[in-house]
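# Structural features, examined
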Amino acid sequence: MPKTHAKNRIRLVIIFLIIIVAASIFYLRKPSDKTTDEVKLIENLVASSVKAEHESGTIFHFNNILFSLPSPYQISLILHESGISYNKELLNTTNKASDYVTNFSRAINFGVYGVDLGYINIYQQTQDAASYFAVLKILSLDLGIYKVLNQETVNRIETNIDNRDSLMVIVSETYRNVDKFLKNNKREDTGALILAGGWIESVYVLTQEMKNNPHPDLMQRIAEQKRPLENLIKLLVPYAENSENYKFLIENLIDLAYTFDEIIEEYEYIPSIDFPKKKLTIVNSKSKLIITPKLTSVITEKIDKLHKFITQ
């Protein structure tokens, strides 16, 4: 699989998680050193990133076609807007963070904790946010990513906090530095693991809430993870021989994909729009996914197994 395709997908999660870790530089100062303006900066930073995710969703470019990929933040927003209460018990406890001592466990749980922090922020649980900021900072240090977030970058974020477009440009530049670091050190698999952890955690939270709050809309959101799962598997397959952990992860994701294949898909054709000069095609056709409660239950069990594996 060409690395350029993998690179585009890895970008989806790292861009947002970089914002989170950058914010932690301010958030984790001693209380006596933290001013009201700095606290407000953090709140605005998170709010800006959430708004961007909510409005635009996540798009990636694959084989000259644009696909929409539901982000973890969108899933959290769906739960919040459905009137479902905050449930900290669903999140990966920060007490486990010190147990993650391998690159595999640190990278995949960086993605997990990033999604958890998104969930926490949407529910505006400030006290819980502090501990998750701290864990993300520690993991980023362990992964060697934190060094990219220098003081100059943080100052630029602070200066442009009210300009969402400029903020996203800065974050994109920071991503490129992280991406370059991973590539130069032959650690592109780290980015893939971050994405995997984020996807598994977001679907885990969604399926667990579905058990407690059965609702057709939540079932539909679970069904919509069929395509993202297929893309995630394509991204991870090149690293199948890296270790037994990779092998177990990929094998179980493939097994999960077979279950998702049982979802019935109704297709409505709408002509695509071609942009020859850009060598780009935008797909407009629509599909409706039909999923049963029984199938949802099987998916929930398999996601739970994966979640226990990556967070153990």
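A quick note: this is a predicted structure, and the numbers were derived from the prediction, not measured. (Residues numbered from 1 in each chain as written. Predicted model: local features only at pLDDT ≥ 70, side-chain atom pairs only at ≥ 80, totals over all residues. Heavy atoms only, no water.)

This paragraph deals with the overall build of the chain. Broken down by element type, the chain carries 12 helices and 6 strands. With 312 residues in all, the chain has 51% of them scored as buried. When contacts within the chain are restricted to residue pairs at least 6 apart in sequence, those whose partners lie at least 24 apart make up 74%. Here the chain has roughly 15500 Å² of accessible surface; of this, 51% comes from carbon and sulfur atoms. (Helix = DSSP H or I, 4+ residues; strand = E, 2+ residues; numbered from the N terminus. Buried < 20%, exposed > 50% of the residue type's maximum accessible area, 1.4 Å probe, protein only. Contact = heavy atoms within 4.5 Å. Areas by Shrake-Rupley, 256 points an atom, 1.4 Å probe, with all protein chains shown as cover.)

Let us look at the nonpolar core. Grouped together as the largest cluster of nonpolar side chains are 67 residues, with contacts concentrated most on Trp199, Leu249 and Leu253. The set of elements that each furnish at least two residues to this core consists of helix H3 (72–81), helix H4 (103–122), helix H5 (126–143), helix H8 (188–212), helix H9 (216–223), helix H10 (226–236), helix H11 (244–260) and helix H12 (293–311). Those residues within four positions of Leu249 in sequence are excluded, and the remaining contacts are Phe104, Ile108, Leu193, Ala196, Ile200, Leu236, Leu306, Phe309 and Ile310. (Core = buried A, V, L, I, M, F, W, Y, C linked by side-chain atoms within 4.5 Å.)

Attention shifts here to the environment of Val115. Locating Val115 in the fold gives a position in helix H4. Since its relative accessible area comes to 7%, Val115 is described here as buried.

For the rest of this paragraph, the subject is the side chain of Thr259. By the secondary structure assignment, Thr259 is in helix H11. Those residues in contact with Thr259, other than ones at most four positions away along the chain, are Leu295, Val298, Ile299 and Lys302.

Axis angle and axis distance: for two packed helices, these are the angle between their axes and the distance between the axes, and together they describe the pair. Following both chains from N to C, one finds H8 and H11 inclined at 45°, their axes separated by 13 Å at the closest point. By the angle class used here, H8 and H11 are oblique. When the axes of H8 and H11 are compared, the crossing they make is left-handed. Touching Asp189, Leu193, Ala196, Trp199 and Ile200 of H8 are Tyr246, Leu249, Leu253 and Leu256, all from H11. When the residues that make up the contact of H8 with H11 are grouped by side-chain class, the tally is 8 nonpolar, no polar and 1 charged. (Axes fitted to C-alpha atoms, helices over the stretch in contact; angles between N-to-C directions. Parallel < 35°, antiparallel > 145°, perpendicular 65-115°, else oblique. Left-handed = near helix turned anticlockwise from the far one by under 90°. Nonpolar A, V, L, I, M, F, W, Y, C, P; charged D, E, K, R; others polar.)

Applying the stated criterion across every chain, the model contains 7 salt bridges. With a closest N to O distance of 3.1 Å, Arg221 and Glu224 form a salt bridge. Look at the salt bridges and you will find they share partners, linking Arg227, Glu230 and Glu265 into a network. (Salt bridge = Lys/Arg side-chain N within 4 Å of Asp/Glu carboxyl O.)

Further remarks concern the packing of H8 against H12. One way to put it is that H8 packs onto H12 with a least axis distance of 9 Å and a crossing angle of 135°. By the angle class used here, H8 and H12 are oblique. Between H8 and H12 lies a crossing whose hand is left-handed. Along the contact surface, H8 presents Gly197, Trp199, Ile200, Glu201, Val203, Tyr204, Thr207, Gln208, Met210 and Lys211, while H12 presents Thr296, Thr300, Ile303, Asp304, Leu306, His307 and Ile310. In terms of residue class, the contact of H8 with H12 is built from 8 nonpolar, 6 polar and 3 charged.

Quick look at H8 now. Spanning 25 residues, H8 covers 37 Å between terminal C-alpha atoms, matching the ideal 36 Å at 1.5 Å per step. Judged by how many residues are buried, H8 sits mostly within the fold: 23 of 25 residues are covered. (Expected span 1.5 Å × (residues − 1).)

In the structure shown here, the tally under the stated rule is 9 aromatic pairs. Relative to Tyr132, the ring of Tyr113 has its centre 5.8 Å away and its plane inclined at 65°; by these criteria the two rings are edge-to-face. With a gap of 19 residues between them, Tyr113 in helix H4 and Tyr132 in helix H5 connect regions that are remote in the sequence. (Phe/Tyr/Trp six-rings, centres within 6.5 Å; stacked < 30°, edge-to-face > 60°.)

Another point: the confidence of the model for the chain. Across the chain, the average pLDDT comes to 75, with 67% of residues at 70 or higher. The least confident element of the chain, judged by mean pLDDT, is strand S2 (residues 65–69) at 39; the most confident is H11 at 97. Scored below 50 in pLDDT, residues 1–13 shows 29 contacts in the model against residues more than four places distant or in partner chains. Contacts for the low-pLDDT stretch residues 45–70, under 50 throughout, to residues beyond four places or in other chains number 62 contacts. (pLDDT = per-residue confidence, 0-100.)

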